[in-house]
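# Structural features, examined
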Amino acid sequence: MNRNVLAVCTHRWLGIVWVGLLAAILTVAIGCGGDDGLGDCPPASQSQQNTGATIVFTTCIGCHSSQLQGADRRGVPDGMDFDVIDIVRDMAADIYRTAEDGSMPPPTSDVTALNSAQVEAVRVYLACGAEFGPPSQ
Ligand code: HEC
């Protein structure tokens, strides 16, 4: 009798351990998959990547450009220049996050906000590795 109770309890306990373990594995799996928040790079998405790149290299570099100095930077910190492809790659997650949540371009600026298709194109361009830079590079 006592042995049976013990056996049942052990099973319950193991069950809980398994659920916990599965939850932990899932968390890690999801966390790793989207750790930059950019999601997947869809196959055959070249034209969408081009669209995304064009948005970064037109809309965003209106302020985020190494070619701009002083007041022309409109408050953009030095070095946060998206005409430099390495900086785009380094800041990919931030670029997407700010485009997606509507904080960039700044709603207080005169620059038109991105629509959802444009935000998605930026995501795809970045998720696919920002393979090409601005036309000059
Ligand atoms: C009208 C000027 C302007 C334009 C256009 C603009 N930005 Fe910015 N951006 C700023 C300024 C000013 C800051 C620094 C102050 C701040 O963080 O809000 C900034 C900061 C940022 C930051 C760092 C802040 C953070 O929250 O991580 C990112 C990332 C960023 N911009 C992305 C973008 C992207 C992507 C675009 C194009 C879709 C864009 N910006 C277009 C002015 C601009």
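So, a few notes on the structure that sits alongside this text.

Okay, the environment of leucine 38 next. Inspection of the secondary structure assignment puts leucine 38 in the loop between helix 1 (2–33) and helix 2 (46–58). Once the C-alpha coordinates of leucine 38 and tyrosine 125 are considered, the two residues, 87 residues apart in sequence, prove to be 9.6 Å apart. If sequence neighbours within four positions are ignored, leucine 38 has contacts with Ala92, Ala93, Tyr96, Arg123, Leu126 and Ala127.

So, about unusual backbone geometry. Going from methionine 104 to proline 105, the amide bond is cis rather than trans, its omega being -10°. Tracing the backbone through its elements, the reader meets proline 105 in the loop between helix 4 (92–100) and helix 5 (116–127). Its identity as a non-glycine residue notwithstanding, alanine 44 has a phi of 50°, on the positive side. On the secondary structure map, alanine 44 appears in the loop between helix 1 and helix 2. Of the residues examined, alanine 44 has 6 C-beta atoms within 10 Å and is grouped as exposed.

Analysis parameters
- Residues numbered from 1 in each chain as written.
- Predicted model: local features only at pLDDT ≥ 70, side-chain atom pairs only at ≥ 80, totals over all residues.
- Helix = DSSP H or I, 4+ residues; strand = E, 2+ residues; numbered from the N terminus.
- Contact = placed C-beta atoms within 7 Å.
- Buried ≥ 20, exposed ≤ 12 C-beta atoms within 10 Å, placed from the backbone.

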